[in-house]
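This is what each chain is made of:
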Amino acid sequence: MKVLGIDPSINSTGLCINIDDKRYKYYIITNKQNCTKKFLKEIEEHPPKDITYLFYDKNKNDTNYNVKEVCKLQNFVGIMENIKYVLRKEKPDVVYMEGISYGSGNSSALTDLAGLNFMIRYTVYQHFKTYNINIVSPKELKSHSCGNGNATKEEMVYLWFKCDKKMEAYKHLKVDDLADAYFLTRYI
């Protein structure tokens, strides 16, 4: 069974497809404005063979509230278009997605995270024509993966490198979103 794991983030959404319990494909959805020129040049000249970067153009925020909200929505649409691309290309049987952390409860970004979370759910629903997505809380994911519901990002990444040794070559990149997405594919 092909399982797609999604670690949603406004800045760097990580996706992992478990092809057959031995082979995994990784995607990072981000916008070019989040990346340094040096990083973009490195990706262009030496693209990682195990990670596919899917970029969307980030709309600049404005001081006008309405313009800000329209730009935010356009950025979310860019993320959704890339998720649709992965769903069509990889044709997973089921999707596991990390839910919103309880620590986000006091954050001003909570509304944005909730919006992104439900946009992804709807996109998956449209793809499958049924509700074929499982939501896993961050604490559950950490407990299932590391045996500790309070594991740090570093511990998750370290364990991921032990499980998928070829990914250690990318330890210089921001890969914690991919580590979470990997463990989501193994949540079954």
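Residues numbered from 1 in each chain as written. Predicted model: local features only at pLDDT ≥ 70, side-chain atom pairs only at ≥ 80, totals over all residues. Heavy atoms only, no water.

A.B. asks: An account of a nonpolar patch on the surface is needed here, citing residue identities and associated values.
C.D. replies: Judged by side-chain polarity, Y122, Y125, Y131 and I135 come together as a nonpolar surface patch covering roughly 420 Å² of accessible area. Residue placement: Y122 occurs in helix α3 (residues 110-128). (Patch = residues over 30% accessible without salt bridge, like charges linked within 9 Å, V, L, I, M, F, W, Y side chains within 5 Å. Areas by Shrake-Rupley, 256 points an atom, 1.4 Å probe, with all protein chains shown as cover. Salt bridge = Lys/Arg side-chain N within 4 Å of Asp/Glu carboxyl O. Helix = DSSP H or I, 4+ residues; strand = E, 2+ residues; numbered from the N terminus.)

A.B. asks: An account of the pattern of salt bridges is needed here, citing residue identities and associated values.
C.D. replies: Counted by the stated rule, this structure contains 10 salt bridges. With its nearest N and O atoms 2.9 Å apart, the salt bridge here joins K25 to E90. With K25 in strand β3 (residues 24-31) and E90 in helix α2 (residues 65-90), this residue pair connects regions lying 65 residues apart in the sequence. The salt bridge partner of K153 is D176, with a shortest N-O separation of 3.1 Å. Residue K153 is found in helix α5 (residues 153-163), and its partner D176 is found in helix α6 (residues 176-185); the two are separated by 23 residues along the sequence. Accessibility expressed as a relative area gives 12% for D176, which makes it buried. What emerges from the salt-bridge pattern is a single network uniting K153, K174, D176 and D177. (Buried < 20%, exposed > 50% of the residue type's maximum accessible area, 1.4 Å probe, protein only.)

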